[in-house]
Amino acid sequence: MISLALPVARFENSGYDWMRGWTLLAFGGLGGMVAQFGWFANLTFVALTGGAFTFRATPRTDIPLSLVSVICAADAFFWRAMYDDSGQTAVRSFAVGFYAWQIAILGSAATTIWYWVDRKRERRALP
C-alpha cells in the first residue's frame, strides 16, 4: 500500500516529473497490450494474500501463483517506455515506489513458497 503513494518512475520529455504508484496501478493493466506484464503481479499478490487470510490456500494453487508472480515482477524490470496518445515516452529511471512494490511482490512469493516447503518438511518428519 505504501508503494501506491510513492514515486515509481521518471520519464523523458514528460510534462510531470514522477509517476506515482496509484497512477501506474490504475493504468498498468493496459501494459499487456504492448507485452509488458509486470502489472499482473498485483493480481497474483492479491490472490496469495487473500488465500493466506482466508486459510483456503493450497500448495496446488499457491506455488504456481508464486511463480507467476515472480515472472511478472521480473518482467517489470524490462519496462522501458510508457505509451499514450502522443506516442512513446522512455522511462528515465525507477524510483523508491518501484522497488517497494518489487519487495512486496517478491517477498509474498518467497514467503508462500517457503511456507509450503516448510510444511512439507514437517509432514515428512512426523511418524
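The structure under discussion appears in the preceding block.
Since we're looking at a predicted model, the values are computed, not measured.

Help me out: how do you make sense of the packing of aromatic side chains in this one?
Geometrically, a pair of aromatic rings is defined through the distance of the ring centres and the angle of the planes. In total, this model carries 10 aromatic pairs according to the counting rule given. Considering the side-chain rings of Phe 98 and Tyr 99, the 5.3 Å spacing of their centres and the 85° angle between planes classify their relative orientation as edge-to-face. Residue classification places Tyr 99 among the partly exposed positions, given a relative accessible area of 40%. A centroid spacing of 6.2 Å and a plane angle of 40° characterise the contact between Phe 98 and Trp 101, whose relative ring orientation is tilted. With Phe 98 and Trp 101 both in helix H5 (residues 96-125) and 3 residues apart, this pair spans about one turn of that helix. In this pair, the class of Phe 98 matches that of Trp 101, namely buried. One aromatic cluster is present, formed by Phe 11, Phe 77, Trp 79, Phe 94, Phe 98, Tyr 99 and Trp 101 through successive ring pairs.

What should I look at first to understand the pairing of strand S1 (residues 7-11) in this one?
Walk down a regular strand and you will see the side chains alternate between the two sheet faces. In terms of burial, S1 is a largely internal element, 4 of the 5 residues being buried. Bridge count between S1 and strand S4 (residues 87-94): 3 bridges; the pairing is antiparallel. Within the sheet, the bridge partner assigned to Arg 10 lies in S4 and is Ser 93.

Explanation requested: the layout of surface pockets in the structure shown.
It is the rolling of a water-molecule-sized probe over the atoms that shows where space remains empty. Taken as a whole, the largest pocket holds about 1000 Å³ of empty space. In this structure, the largest pocket is lined by 42 residues; those nearest its centre are Gly 21, Leu 24, Leu 25, Gly 28 and Trp 39. Listed by contribution, the elements that provide at least two residues to the lining of the largest pocket are helix H1 (2-5), S1, helix H2 (21-27), helix H3 (41-54), helix H4 (59-76), strand S3 (81-84) and H5. The dominant element in the lining of the largest pocket, judged by the number of residues it contributes, is H5, at 6 residues. Residue composition of the lining of the largest pocket, grouped by class: 27 nonpolar, 13 polar and 2 charged.

Basis of the calculations
Residues numbered from 1 in each chain as written. Predicted model: local features only at pLDDT ≥ 70, side-chain atom pairs only at ≥ 80, totals over all residues. Heavy atoms only, no water. Phe/Tyr/Trp six-rings, centres within 6.5 Å; stacked < 30°, edge-to-face > 60°. Buried < 20%, exposed > 50% of the residue type's maximum accessible area, 1.4 Å probe, protein only. Helix = DSSP H or I, 4+ residues; strand = E, 2+ residues; numbered from the N terminus. Pairing = 2+ DSSP bridges. 1 Å grid on protein atoms, 1.4 Å probe; cavity = no way out; pocket = protein on both sides within 12 Å on 5 of 7 lines; lining within 4 Å. Points joined across faces, edges and corners; volume = space filled by probe spheres on them. Nonpolar A, V, L, I, M, F, W, Y, C, P; charged D, E, K, R; others polar.

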